[in-house]
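Letter by letter, the chains look like this.
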Amino acid sequence: MVGYIAKWEISGSKLFLAEIEGAIDGKTAKSEEILPKFEFPQHADWYTGKIFLGVGDYESSSKKFTAVICFQVAKGNVTKMVFFDELAIPISWNGE
């Protein structure tokens, strides 16, 4: 395994890092082993930005989702939620 896989959740208008998985010394490691000082789920108060969630079908020809929810987050708190009928969003971490 290379890198880390994180699972996130939104609950009570807050963004949480629910768990993380990765490798330490070539062995699979879970949340508490990777970040031992965190309690999971951890309120993601360090994050400010937008999170796009494609909830409709993905049209590969137009590279658009037919329905998207955008969560606006400020210091880990969801401040606004906007629904789009159609939107092109990155489908991977590097925008491809």
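1. Topic: the overall build of the protein
Okay, step 1: Assigned secondary structure in the protein consists of 1 helix and 9 strands.
Okay, step 2: Beginning at the N terminus, the succession of helices and strands in the protein can be written as β-β-β-α-β-β-β-β-β-β.
Okay, step 3: Whereas a compact globule of 96 residues would reach a radius of gyration of roughly 12 Å, the protein reaches 16 Å, over 25% beyond that.
Okay, step 4: Each principal axis of the C-alpha distribution contributes one length, and for the protein these read about 45 × 30 × 15 Å.
Okay, step 5: Considering only intrachain contacts with a sequence separation of at least 6, the fraction spanning at least 24 residues in the protein is 31%.
Okay, step 6: Carbon and sulfur atoms form 53% of the exposed surface of the protein, whose accessible area is close to 6,900 Å².
Okay, step 7: Charge centroids of the protein, computed over 10 positive and 13 negative side chains, lie 6 Å from each other.

2. Some points on the pattern of salt bridges
Okay, step 1: By the definition in use, this model includes 3 salt bridges.
Okay, step 2: Here Glu19 ties to Lys7 by a salt bridge, and the two come within 3.7 Å at their closest N and O atoms. Highlighted residues: Glu19 in strand S2 (residues 14-24) and Lys7 in strand S1 (residues 5-11), separated in sequence by 12 residues.
Okay, step 3: Given a relative accessible area of 32%, Glu19 falls into the partly exposed group.
Okay, step 4: Note that Lys30 is salt-bridged to Glu21, the shortest N-O span being 3.0 Å.
Okay, step 5: Owing to a relative accessible area of 44%, Lys30 belongs among the partly exposed residues under this scheme.

Reading the values: rules and limits
- Residues numbered from 1 in each chain as written.
- Predicted model: local features only at pLDDT ≥ 70, side-chain atom pairs only at ≥ 80, totals over all residues.
- Heavy atoms only, no water.
- Helix = DSSP H or I, 4+ residues; strand = E, 2+ residues; numbered from the N terminus.
- Rg over C-alpha atoms; globule rule 2.2 N^0.38 Å.
- Contact = heavy atoms within 4.5 Å.
- Areas by Shrake-Rupley, 256 points an atom, 1.4 Å probe, with all protein chains shown as cover.
- Lys, Arg positive; Asp, Glu negative; His and termini not counted.
- Charge placed at Lys NZ, Arg CZ, Asp CG, Glu CD.
- Salt bridge = Lys/Arg side-chain N within 4 Å of Asp/Glu carboxyl O.
- Buried < 20%, exposed > 50% of the residue type's maximum accessible area, 1.4 Å probe, protein only.

Everything listed here is a matter of coordinates, which is why it stays silent on function.
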